[in-house]
Structures are given as structure tokens and as C-alpha cells.
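# Geometric and topological summary
Residue strings, one per chain:
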Amino acid sequence: MDQSISWITVGSVEDIPRQGARVVRTDFGDIALFRTVADEVYALEDRCPHAGGPLSQGIVHGARVTCPLHSWVIDLASGEAVGPDEGCAGHCPVRVVDGTVQLGLAAFRPGRGGCGHG
């Protein structure tokens, strides 16, 4: 990770259920923190690039989440929609230090929409 990133502590990894999510409110909007069964933590904008569905309410499987509205599958590491869908949820650097989750909000990358059908 970039050493120049300013990290902000947002909670404990234990606050995020395995294969689930928690939402953190930020100046960039709601950020969903996802935890995989392997205890990897990812941070995405809590908004599907397709129709704005709440990704935090989706199903986490592997390193992906399925949006609860129209079943778009989003890669947790990149925020990219899995083909054939196209688009990207905003994403943010995240790290876990001694069980504490930290976000690099200054390095937040906004998402871009998909095809617009719903």
C-alpha cells in the first residue's frame, strides 16, 4: 500500500460479520466494509453502479458481492462489475492493523455507472 495514504480508523474487524458488511458514513457517501470468510476486508461505495442498490445488503461470496436489486455481481477488490455487466462501484483503500479497520479516504476512487437498464 502507498505509504503516503492518511489512514482513518473506522472500527474493529470483529464489527463486520464474516460474509457480511457494515456501513460507514463519510464525506464521500456511505462506504460498505465487507468481510470475506477468509477474513479479508474490502471497502466499496454502498451503491451498485447499475441502479444504486445497497451493496451492503447483498450476498458476499468469495471476494464478490451480489447486489440485492438486480443481481449484479461486483468484485470486492476492484469494485468492477463481473461480465457481462459493466460499471464500477467506487472503492477505497482499506487495511486491518491489529484487528482495527482503517480507510484511506483521501484515495477514494468514485464509481462509474453501468448500462442504465433495470
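Residues numbered from 1 in each chain as written. Predicted model: local features only at pLDDT ≥ 70, side-chain atom pairs only at ≥ 80, totals over all residues. Heavy atoms only, no water.

On to the nonpolar core, then. Ranked by size, the top nonpolar core spans 15 residues in total, and within it F34, L44, L55, V65, W72, I74 and L76 carry the most contacts. Taken together, the elements giving at least two residues each to this core come down to strand 3 (29-35) and strand 4 (41-45). Aside from chain neighbours lying at most four places away, what touches V65 is F34, L55, G58, I59, V60, W72, V73, I74 and L76. With 13 residues, the next largest nonpolar core counts I16, V24, V94 and L105 among its residues. (Core = buried A, V, L, I, M, F, W, Y, C linked by side-chain atoms within 4.5 Å. Buried < 20%, exposed > 50% of the residue type's maximum accessible area, 1.4 Å probe, protein only. Helix = DSSP H or I, 4+ residues; strand = E, 2+ residues; numbered from the N terminus. Contact = heavy atoms within 4.5 Å.)

With the exception of glycine, the majority of residues adopt a negative phi angle, and the majority of peptide bonds are in the trans configuration. The omega torsion across G83 and P84 is 15 degrees, close enough to zero to call that bond cis. Assignment of secondary structure puts P84 in the loop between strand 7 (73-75) and strand 8 (94-97). For Q19, which is not a glycine, the phi torsion comes out positive at approximately 60 degrees. Here the phi dihedral of D98 falls at roughly 50 degrees; this positive angle occurs in a residue that is not glycine. One can find D98 in the loop between strand 8 and strand 9 (100-103). On the basis of relative accessible area, D98 is assigned to the exposed category, the value being 80%.

With that settled, consider the UniProt feature "domain: Rieske" (unreviewed entry) in the protein chain. Sequence positions flagged by UniProt for "domain: Rieske" (unreviewed entry) are, in local numbering, residues 7-103. In this annotation, residues 7-103 is assigned 0% helix and 42% strand; the end-to-end C-alpha distance for the span is 5 Å. (UniProt positions renumbered as here; feature names shortened; annotations may be inferred.)

Here the focus is the environment of P54. By secondary structure assignment, the location of P54 is in the loop between strand 4 and strand 5 (59-61). A C-alpha to C-alpha distance of 16 Å links P54 and C92, two positions 38 residues apart in sequence. If we skip the residues at most four places from it in the chain, P54 touches D46, P68 and L69.

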